[in-house]
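# A look at the structure
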Amino acid sequence: MFEHLVNGLAVAFSFSVLPVLVFGVLGGIILGALPGLTATMGVAILLPFTFGMEPTAALVMLIGVYIGGIYGGSIAAILLKPRARQHLLQPF
(Lines give C-alpha, C1' and ligand atoms only; values in the text may rest on other atoms or scores of the structure.)
Protein backbone atom coordinates (compact mmCIF):
# COMPACT_ATOMS: atom_id res chain seq x y z
CA MET A 1 0.00 0.00 0.00
CA PHE A 2 2.84 2.38 0.79
CA GLU A 3 4.41 1.80 -2.65
CA HIS A 4 1.17 2.97 -4.32
CA LEU A 5 1.36 6.23 -2.39
CA VAL A 6 4.99 6.71 -3.39
CA ASN A 7 4.17 5.97 -7.05
CA GLY A 8 1.29 8.45 -7.00
CA LEU A 9 3.45 11.19 -5.51
CA ALA A 10 6.21 10.46 -8.02
CA VAL A 11 3.76 10.86 -10.91
CA ALA A 12 2.14 13.98 -9.43
CA PHE A 13 5.48 15.73 -8.90
CA SER A 14 7.21 14.64 -12.09
CA PHE A 15 8.87 17.25 -14.28
CA SER A 16 6.21 16.89 -16.97
CA VAL A 17 3.38 17.71 -14.54
CA LEU A 18 4.96 20.50 -12.46
CA PRO A 19 4.71 23.22 -15.18
CA VAL A 20 1.03 22.37 -15.61
CA LEU A 21 0.54 22.70 -11.85
CA VAL A 22 2.27 26.09 -11.77
CA PHE A 23 0.19 27.30 -14.74
CA GLY A 24 -3.00 26.11 -13.04
CA VAL A 25 -2.20 27.80 -9.72
CA LEU A 26 -1.22 31.10 -11.37
CA GLY A 27 -4.32 31.01 -13.56
CA GLY A 28 -6.47 30.27 -10.53
CA ILE A 29 -4.97 33.17 -8.58
CA ILE A 30 -5.67 35.54 -11.45
CA LEU A 31 -9.23 34.26 -11.92
CA GLY A 32 -9.92 34.24 -8.18
CA ALA A 33 -8.62 37.78 -7.67
CA LEU A 34 -11.05 39.17 -10.22
CA PRO A 35 -14.27 40.21 -8.50
CA GLY A 36 -17.18 38.05 -9.58
CA LEU A 37 -15.14 35.02 -10.65
CA THR A 38 -14.93 32.14 -8.20
CA ALA A 39 -12.72 29.07 -8.01
CA THR A 40 -15.52 26.85 -9.30
CA MET A 41 -16.07 29.16 -12.25
CA GLY A 42 -12.35 29.08 -12.99
CA VAL A 43 -12.40 25.29 -13.11
CA ALA A 44 -15.41 25.42 -15.45
CA ILE A 45 -13.68 27.94 -17.73
CA LEU A 46 -10.45 25.94 -17.99
CA LEU A 47 -12.12 22.52 -18.28
CA PRO A 48 -12.20 22.47 -22.12
CA PHE A 49 -8.41 22.98 -22.21
CA THR A 50 -7.90 19.68 -20.37
CA PHE A 51 -9.70 17.46 -22.90
CA GLY A 52 -6.58 16.92 -25.02
CA MET A 53 -4.19 16.55 -22.10
CA GLU A 54 -2.89 13.51 -20.29
CA PRO A 55 -5.35 12.59 -17.48
CA THR A 56 -2.87 13.08 -14.65
CA ALA A 57 -1.77 16.49 -15.91
CA ALA A 58 -5.38 17.55 -16.51
CA LEU A 59 -6.48 16.66 -12.98
CA VAL A 60 -3.44 18.35 -11.46
CA MET A 61 -4.17 21.49 -13.46
CA LEU A 62 -7.81 21.58 -12.38
CA ILE A 63 -6.85 21.08 -8.74
CA GLY A 64 -4.26 23.86 -9.08
CA VAL A 65 -6.85 26.20 -10.57
CA TYR A 66 -9.26 25.48 -7.74
CA ILE A 67 -6.67 25.99 -4.98
CA GLY A 68 -5.31 29.12 -6.67
CA GLY A 69 -8.85 30.44 -7.09
CA ILE A 70 -9.54 30.08 -3.37
CA TYR A 71 -6.31 31.96 -2.59
CA GLY A 72 -7.07 34.63 -5.20
CA GLY A 73 -10.57 35.07 -3.79
CA SER A 74 -9.06 35.94 -0.44
CA ILE A 75 -7.00 38.69 -2.12
CA ALA A 76 -10.14 40.28 -3.52
CA ALA A 77 -11.92 39.86 -0.18
CA ILE A 78 -9.17 41.72 1.67
CA LEU A 79 -8.89 44.58 -0.84
CA LEU A 80 -12.61 44.94 -1.54
CA LYS A 81 -15.75 43.99 0.33
CA PRO A 82 -16.08 40.22 0.64
CA ARG A 83 -19.00 38.96 -1.42
CA ALA A 84 -18.59 35.21 -1.02
CA ARG A 85 -19.39 33.37 2.19
CA GLN A 86 -16.07 31.57 2.39
CA HIS A 87 -14.16 34.90 2.28
CA LEU A 88 -16.34 36.80 4.72
CA LEU A 89 -13.91 36.73 7.68
CA GLN A 90 -10.73 37.35 5.64
CA PRO A 91 -10.49 41.14 6.30
CA PHE A 92 -10.56 40.58 10.07
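Residues numbered from 1 in each chain as written. Predicted model: local features only at pLDDT ≥ 70, side-chain atom pairs only at ≥ 80, totals over all residues. Heavy atoms only, no water.

As named in an unreviewed UniProt entry, the protein is Tricarboxylate transport membrane protein TctA, taken from Vibrio variabilis.

What follows covers the overall build of the protein. Looking only at helices and strands, the protein features 4 helices and 0 strands. Secondary structure elements of the protein, listed N to C terminal, follow the sequence α-α-α-α. Nonlocal contacts in the protein, meaning residues at least 24 apart in sequence, comprise 56% of its contacts between residues at least 6 apart. A total of about 6500 Å² of accessible surface is found on the protein, and carbon and sulfur atoms cover 76% of it. (Helix = DSSP H or I, 4+ residues; strand = E, 2+ residues; numbered from the N terminus. Contact = heavy atoms within 4.5 Å. Areas by Shrake-Rupley, 256 points an atom, 1.4 Å probe, with all protein chains shown as cover.)

A few words now on the packing of helix α2 (residues 18–33) against helix α4 (residues 55–79). At a minimum axis separation of 6 Å, α2 and α4 run at an interaxial angle of 35°. Along this stretch, α2 crosses α4, giving a crossing that reads as right-handed. Between α2 and α4, the residues in contact are V20, L21, F23, G24, V25, G28, I29, G32 and A33 and A57, V60, M61, G64, V65, G68, G69, Y71, G72, G73, I75 and A76, respectively. (Axes fitted to C-alpha atoms, helices over the stretch in contact; angles between N-to-C directions. Left-handed = near helix turned anticlockwise from the far one by under 90°.)

As a further point, take the environment of S74. Residue placement: S74 occurs in helix α4. Here S74 falls in the buried class, since its relative accessible area comes to 11%. Between the alpha carbons of S74 and G32 there is a distance of 8.0 Å; along the sequence they are 42 residues apart. (Buried < 20%, exposed > 50% of the residue type's maximum accessible area, 1.4 Å probe, protein only.)

So, on to the UniProt feature "transmembrane region" (unreviewed entry) in the protein. In this structure's numbering, the residues bearing the UniProt feature "transmembrane region" (unreviewed entry) are residues 6–26, 33–51 and 57–80. Secondary structure content for residues 33–51 is 47% helix and 0% strand, and the end C-alpha separation is 25 Å. (UniProt positions renumbered as here; feature names shortened; annotations may be inferred.)

With that settled, consider α2. For α2, built from 16 residues, the straight-helix expectation of 22 Å at 1.5 Å per residue is met to within 8% by its first-to-last C-alpha distance of 22 Å. Close packing links the buried residues of α2 with α3 (39–46) and α4. (Expected span 1.5 Å × (residues − 1).)

V20, L31, L46, A57, M61 and V65 together form the largest nonpolar core, which totals 6 residues. At the level of elements, α2 and α4 are the ones that each hand at least two residues to this core. (Core = buried A, V, L, I, M, F, W, Y, C linked by side-chain atoms within 4.5 Å.)

Here we take up the side chain of T50. Its place among the elements puts T50 in the loop between α3 and α4. Of the polar contacts made by the side chain of T50, one reaches the backbone oxygen of L47; its length is 2.6 Å. Excluding anything up to four places from it in sequence, T50 contacts A58, M61 and L62. (Polar contact = N/O pair within 3.5 Å; in protein donor to acceptor, adjacent residues only side chain to side chain.)

Averaged over all residues, the pLDDT of the protein equals 85, while 86% of them reach at least 70. Mean pLDDT across the secondary structure elements of the protein bottoms out at α4, with 87, and peaks at α2, with 91. (pLDDT = per-residue confidence, 0-100.)

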